[in-house]
Amino acid sequence: MDLSEIKTISPLYNYWLSEQTDEDERERLLIANTDSKAVYLFKEEPYKWESLFQSISREIINGDNDSIRGMKVLLDTISISKRNEIIELFSCNGFFNEATIKQLSSISISEFQRKSKTNRLRFLRILLVIFTNPYGITIKRKKNHLYEFTGSFINNLRQRRFGFH
């Protein structure tokens, strides 16, 4: 299983490949679920949303079932049709097993309010991902947060050093 293919499942995959113009931004925002309590993350912090999407996907693949709750929160920020499409892609590409797909398919708002056990190591891994951009996300629009600057800087260094695009 090639984990680098997770990026192609992301609802933002085409956005990151685009020039990220105002029109591209409008199209990205069309898939937001404005009824979601966490929609701010998708609308205002797409780089962080993408980093979380890819990190949490990997956590689930590596057997961390507690991360399913985080993925459900992320999927709740996008439209129902796009959410269903993403879940289907995870299934068809063999990234998640049937039990995980079933859990992701049943999004319950009350579940988001439930306390989960704290996993400091997971938190630190995700924080590291957000600041170091190991997934090569290219931010072409204005950067507003420190982690966007550091992630973009490291990505630019990586591209210059290794010729990645």
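In what follows, the structure referred to is the one given above.
Residues numbered from 1 in each chain as written. Predicted model: local features only at pLDDT ≥ 70, side-chain atom pairs only at ≥ 80, totals over all residues. Heavy atoms only, no water.

Caption draft 1: Structural detail: the pattern of salt bridges. One pass over the structure, following the stated rule, counts 10 salt bridges. Arg28 serves as the salt-bridge partner of Glu25, at 2.7 Å between the closest nitrogen and oxygen. Residue Glu25 and its partner Arg28 are both found in helix α3 (residues 22-30); the two are separated by three residues, about one turn of the helix. As far as burial versus exposure is concerned, Glu25 and Arg28 are alike and both buried. Members of the salt-bridge network, linked through shared partners, are Asp22, Glu25, Arg28 and Arg141. (Salt bridge = Lys/Arg side-chain N within 4 Å of Asp/Glu carboxyl O. Helix = DSSP H or I, 4+ residues; strand = E, 2+ residues; numbered from the N terminus. Buried < 20%, exposed > 50% of the residue type's maximum accessible area, 1.4 Å probe, protein only.)

Caption draft 2: Structural context of the environment of Glu50. As for its placement among the helices and strands, Glu50 is situated in helix α5 (residues 46-61). Accessibility expressed as a relative area gives 1% for Glu50, which makes it buried. In sequence terms Glu50 and Phe90 are 40 residues apart; their C-alpha atoms lie 15 Å from each other. Among all residues touching Glu50, those that are not within four sequence positions of it are Ser10, Leu12, Trp16 and Ile137. Within the structure, the side chain of Glu50 is placed 2.5 Å from the side chain of Ser10, a separation counted as a polar contact. A distance of 3.2 Å separates a polar atom in the side chain of Glu50 from a polar atom in the side chain of Trp16. (Contact = heavy atoms within 4.5 Å. Polar contact = N/O pair within 3.5 Å; in protein donor to acceptor, adjacent residues only side chain to side chain.)

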